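Spelled out from the first residue to the last, the chains are:
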Amino acid sequence: MSATTKTILIVEDEHKLAQLLLEYMEMAGYQAYCLHDGDQVIPWLNTHQADLLILDLMLPGKHGDVLCREIRRYSDVPIIMATARVEEADRLKGLEIGADDYVCKPYSLKEMVARVKAILRRMDSNSSQGTRQQKLNNLFDVNPAKMSISVYDQPLDLTPVEFRLLEHFITYSNIVFSRDDLLNVIYDDYRLVSERTVDSHIKNLRKKIHHHVPDRELIRSIYGAGYIFETDASSN
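Before going into details, it helps to say that this report is about the structure given with it.

About the criteria used
Residues numbered from 1 in each chain as written. Predicted model: local features only at pLDDT ≥ 70, side-chain atom pairs only at ≥ 80, totals over all residues. Heavy atoms only, no water. Helix = DSSP H or I, 4+ residues; strand = E, 2+ residues; numbered from the N terminus. Buried < 20%, exposed > 50% of the residue type's maximum accessible area, 1.4 Å probe, protein only. Contact = heavy atoms within 4.5 Å. Areas by Shrake-Rupley, 256 points an atom, 1.4 Å probe, with all protein chains shown as cover. Phe/Tyr/Trp six-rings, centres within 6.5 Å; stacked < 30°, edge-to-face > 60°. Pairing = 2+ DSSP bridges. Axes fitted to C-alpha atoms, helices over the stretch in contact; angles between N-to-C directions. Salt bridge = Lys/Arg side-chain N within 4 Å of Asp/Glu carboxyl O.

### What to know about the overall build of the protein
1) Next: What the protein contains, in helices and strands, is nine helices and eleven strands.
2) Next: Looking at the protein as a whole, 45% of its 236 residues qualify as buried.
3) Next: A separation threshold of at least 6 residues defines the contact pool for the protein, and within that pool the share at least 24 residues apart is 57%.
4) Next: Of the roughly 12200 Å² of accessible surface on the protein, 49% is carried by carbon and sulfur atoms.

See the structure below:
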């Protein structure tokens, strides 16, 4: 195994789901470990190095929200919180206490792998490129509670689907996503819709952003791959 292989810690008390997640992560090229009890997490982290945690909220022993707070006192390791709680208030609470992403059960295992890849690529990009995310934050203002996004302090008139799509792009900028990846983002009920639905939403988003940022094409199509949200001016 390569010395640069990323390590994923899966904290999930549903043993079958944990094993499936482990297998999917290993198939994606990661080294993965499973824990099933919240009390095991901090001792494990004290003796092992993890590059990302998939953390269930409802655990025996310490709950996921307690663990997230404890970990954030000394570490900025990325955390994806997974839970059956679907209320917006629960999702916002998870993000507010330090989670980097929040996934509601039941979820697609392929989507979880895609989210892990996106976060780790974003972390690598931020460490090597430094100022990209700062440039992005100066351009957009995202308010998840109100499901609103502003550009240069001017609110965009977004549908709920457009908000989810643009929020995802902003969070994971400069990363290529396939249409299938984006469908998993904008429709959390896994409905059967055409991938071309994404093209329609992208077209509408481009128009709305172009009204405020006419000199840059932020959402760019990559032939045969999907779309990328580019925020580095030097790439245009």
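Moving on, there is more to tell.
### Regarding the packing of aromatic side chains
How two aromatic rings sit relative to each other is given by the distance of their centres and the angle of their planes.
1) Next: Scanning all chains against the criterion turns up four aromatic pairs.
2) Next: Residues Phe140 and Phe229 carry aromatic rings whose centres are separated by 5.8 Å and whose planes lie at 55° to one another, so their mutual orientation is tilted. Within this pair, whereas Phe140 is found in strand S6 (residues 140-143), its partner Phe229 is found in strand S11 (residues 226-229), the two being separated by 89 residues in sequence.
3) Next: Residue classification places Phe229 among the buried positions, given a relative accessible area of 0%.
4) Next: Between the aromatic rings of Phe169 and Phe229, the centroid separation amounts to 5.7 Å while the plane-to-plane angle is 20°, which identifies the pairing as stacked. With Phe169 in helix H7 (residues 160-171) and Phe229 in strand S11, the pair connects residues that are 60 residues apart, well separated along the chain. Note on accessibility: Phe169 and Phe229 belong to one class, buried.
5) Next: Put simply, the rings of Phe140, Phe169 and Phe229 pair up and form one aromatic cluster.

### Observations concerning the pairing of strand S10 (residues 219-222)
1) Next: Relative to S11, S10 runs antiparallel, the two being bridged by four bridges. Each bridged residue has a counterpart across the sheet, and for Ser221 the counterpart in S11 is Tyr227.
2) Next: Hairpin connection from S10 to S11: three residues lie between these consecutive antiparallel strands, with Gly224 at a positive phi of about 75°.

### Digging into the sheet that holds strand S7 (residues 148-151)
1) Next: Across the sheet, which stays open at both edges, the three strands sit in the order S6-S7-S8 with antiparallel pairing between neighbours. Two strands close off the open sheet at either side, each with one partner strand: S6 and strand S8 (154-155).
2) Next: With two bridges joining them, S7 and S8 adopt antiparallel strand pairing. The residue of S8 that forms the bridge with Val151 is Gln154.
3) Next: Sitting on the sheet, H7 is in contact with S6 and S7, with an inclination near 125° to S6.

### Focus on the sheet that holds strand S4 (residues 79-83)
1) Next: Here we have five strands laid out as an open sheet, ordered S2-S1-S3-S4-S5, and parallel in their pairing. Every other strand in the sheet has two partners, leaving strand S2 (31-35) and strand S5 (101-104) as the edge strands with one partner each. The mean angle between the axes of side-by-side strands here comes to 20°, regardless of whether they run parallel or antiparallel.
2) Next: When strand S1 (residues 7-11) meets S2, the two strands line up parallel, connected through five bridges. Looking at S2, one finds that Thr7 is bridged to Gln31.
3) Next: With respect to the sheet, helix H1 (residues 15-27) is in contact with S1, S2 and strand S3 (52-56), its orientation differing from that of S2 by roughly 170°.
4) Next: Along the sheet, helix H3 (residues 64-72) contacts S3 and S4; its crossing angle with S4, the most-contacted strand, is approximately 170°.

### Here we look at the pattern of salt bridges
1) Next: Enumeration according to the criterion identifies eleven salt bridges in this entry.
2) Next: The residue Glu217 makes a salt bridge to Arg206 at a minimum N-O spacing of 3.6 Å. Separated by eleven residues along the polypeptide, Glu217 in the loop between helix H9 (196-212) and S10 and Arg206 in helix H9 bring together distant segments of the chain.
3) Next: Look at Glu217 and you get partly exposed, because its relative accessible area is 44%.
4) Next: For Arg220, the salt bridge is made with Glu230, and the minimal N-O distance between the two is 2.9 Å. Remark: Glu230 occurs in the segment after S11 and Arg220 occurs in strand S10; sequence separation between them is ten residues.
5) Next: In this structure Arg220 comes out as partly exposed when scored by relative accessible area, which is 33%.
6) Next: Through salt bridges with shared partners, a single network forms among Glu12, Glu14, Asp56 and Lys105.

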